[in-house]
Amino acid sequence: MNAIGPIIATRVRNALSVDVEDWFQVGAFEKVIDKADWEHLAPRVERNTDAVLALFAESGVKATFFTLGWVAKRNPALVRRIVAAGHEIASHGWDHRRVFTLTPGQFRADLKQARIAIEDAAGTAVTGYRAPSFSIDQRTPWAHAELAAAGYRYSSSVAPIAHDHYGWPEAPRFAYRPLEGADLIELPITIARFAGRDMATGGGFFRLFPGAITGWAIDRVNVETARPAVFYFHPWEIDPEQPRVAKAPLKSKLRHYSRLGAMAGKLRHLIAAHLWDRVDAVVACEAARLP
């Protein structure tokens, strides 16, 4: 059998998640697009997220939408549509600042500002958090304590991988309690080793590489460990017509714009091949098996 040959999957429900941010708010462009200019750029997050909602409705799945507070404040009707469709709304921070660039006090303020905006729009409590660019790592030993103190039930903010933009290779690969005596659970994104290389099962990795690799990785996790995989993507990844940032570095452009037109079809195929649920539901199942 080859490296991505068939695996008989168990019936494990995997976590399906969307990081809701606009095309100009991504980490790849943070050094070439000033936040002061965001208000003057053409927004596409509402149309793209509505397209994701339609895709999920067509596929009959529920997911978690980790949403920037900045986006929720400007698009409250979109947030209400997410909730009305039965999906979980969760926090992605206020304006996509990486956690390791903040002090504990700044992180606390960021969490509060984002939560107020999201909960005001959604009319429901926010108990889940995902750090922008998976930026909770060895540089932020205080971050989980701040999340617990703020009343979050879970975080999905750690990427146990070495990457030039993020990563904490030494972190656990499955759900764990990062704080002794606290109920907070960290649910890392799923990492699979393929051809001697660690790869995330979402975002640009999924878009740029054959979808069969991600499908194989999810099946492998489900079968070999009986644990759920965590998959993520962004609404801008299904939008091949988004504006081009000419001044961005070539590497960033290649990562951001490649295979945007193929993404929706790949998503439909992946979703059809596995069982999915909201992140909060997956966390509840994982909590039951943790000490």
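So, a few notes on the structure that sits alongside this text. As a convention, each chain's residues are numbered from 1 in the sequence order in which they are written. This being a predicted model, a pLDDT of at least 70 is required before a residue's local features are given, and a value of 80 or more before pairs of side-chain atoms are given or counted; all residues contribute to the totals for chains, interfaces and linings. Water and hydrogen atoms were dropped before computing side-chain values, which therefore reflect all heavy atoms in the structure.

**Some points on unusual backbone geometry**
Backbone geometry follows two general trends: most residues other than glycine have a negative phi, and most peptide bonds adopt the trans configuration.
Next, step 1: For F134, which is not glycine, the phi dihedral falls at a positive 50 degrees.
Next, step 2: Position of F134 relative to the elements: it lies in the loop between strand 4 (128-129) and helix 5 (143-149).
Next, step 3: Relative accessibility thresholds used throughout: buried, under 20% of the residue-type maximum; exposed, over 50%; partly exposed, between the two (1.4 Å probe, protein chains only). Relative accessible area serves as the criterion here: at 4%, F134 is assigned to the buried category. Numbering of helices and strands runs from the N terminus, with a helix taken as a DSSP run of H or I at least four residues long and a strand as a DSSP run of E at least two residues long.

**Some points on the packing of aromatic side chains**
Next, step 1: Each Phe, Tyr or Trp ring (for Trp, its six-membered ring) is paired with any other whose centre lies within 6.5 Å, and the angle between the two planes then decides the class: stacked below 30 degrees, edge-to-face above 60, tilted in between. With the rule as written, the count across this model stands at 15 aromatic pairs.
Next, step 2: Measuring from centroid to centroid gives 5.0 Å for F206 and F231, while their planes differ by 85 degrees, and the two rings are edge-to-face. Separated by 25 residues along the polypeptide, F206 in helix 6 (residues 203-208) and F231 in strand 9 (residues 230-233) bring together distant segments of the chain. Note on accessibility: F206 and F231 belong to one class, buried.
Next, step 3: Taking 6.2 Å as the distance between ring centres and 40 degrees as the angle between the ring planes, the aromatic pair formed by F231 and F233 counts as tilted. Per residue, the accessibility class of F231 equals that of F233, and both read buried.
Next, step 4: An aromatic cluster of at least three residues, connected via ring pairs, comprises F56, F65, F206, F231, F233 and W276.
Next, step 5: Between R74 and the ring centre of W70, over which it is positioned, the NZ or CZ distance is 3.9 Å.
Next, step 6: Positioned over the ring face of Y152 is R115, at 4.2 Å from the centre of the ring. Throughout this description, the term charge over a ring refers to an Arg CZ or Lys NZ atom that lies within 6 Å of the ring centre and within 35 degrees of the ring normal.

**Details of the pattern of salt bridges**
Next, step 1: Salt bridge, as applied in this entry: a Lys or Arg side-chain nitrogen positioned within 4 Å of an Asp or Glu carboxyl oxygen. Per the stated rule, a full pass over the model turns up 19 salt bridges.
Next, step 2: In this structure, D95 engages R97 in a salt bridge whose closest nitrogen and oxygen atoms are separated by 3.2 Å.
Next, step 3: Exposure remark for D95: the relative accessible area of 10% places this residue in the buried category.
Next, step 4: Among the residues examined, R97 registers a relative accessible area of 30% and is labelled partly exposed.

**Things to note about the nonpolar core**
In globular proteins that are soluble, nonpolar side chains generally tend to be buried together.
Next, step 1: Of all hydrophobic cores here, the largest spans 64 residues; its most connected members are F56, F65, F107 and Y129.
Next, step 2: Of all elements in the fold, only strand 1 (13-20), helix 1 (45-59), helix 2 (69-74), helix 3 (76-84), helix 4 (104-122), helix 5, strand 9 and helix 9 (263-273) reach the threshold of two or more residues within this core.
Next, step 3: In this analysis, two residues are considered to be in contact whenever any of their non-hydrogen atoms come within 4.5 Å of each other. Among residues more than four places away in sequence, those in contact with F107 are V99, L102, Y129, W142, A143, E146 and L147.
Next, step 4: Residue types Ala, Val, Leu, Ile, Met, Phe, Trp, Tyr and Cys, when buried and joined through side-chain atoms within 4.5 Å, form a set referred to as a nonpolar core. Counting 27 residues, the second-largest nonpolar core is a separate cluster that includes Y154, L187, Y232 and V282.

**What about the layout of surface pockets?**
Empty space among the atoms becomes visible once a probe the size of a water molecule is rolled across them.
Next, step 1: Cavity means a closed set of points on a 1 Å grid over the protein atoms alone, one where a 1.4 Å probe fits but cannot get out, pocket means an open set with protein on both sides within 12 Å along at least 5 of 7 lines, and lining means a residue has an atom within 4 Å of a point. Grid points are joined across faces, edges and corners, and a volume is the space filled by probe spheres set on the points. The volume enclosed by the largest pocket comes to roughly 580 Å³.
Next, step 2: Residue lining of the largest pocket: 30 residues in total, with H163, H165, Y166, G204 and R255 positioned closest to the centre.
Next, step 3: Where the lining of the largest pocket is concerned, the elements lending two or more residues are strand 8 (197-200), helix 6 and helix 8 (250-257).
Next, step 4: Considering each element in turn, the lining of the largest pocket owes the most residues, five residues, to helix 6.
Next, step 5: Looking at the lining of the largest pocket residue by residue, the class counts come to eleven nonpolar, eleven polar and eight charged. Classification used: nonpolar for Ala, Val, Leu, Ile, Met, Phe, Trp, Tyr, Cys and Pro, charged for Asp, Glu, Lys and Arg, polar for all others including Gly.

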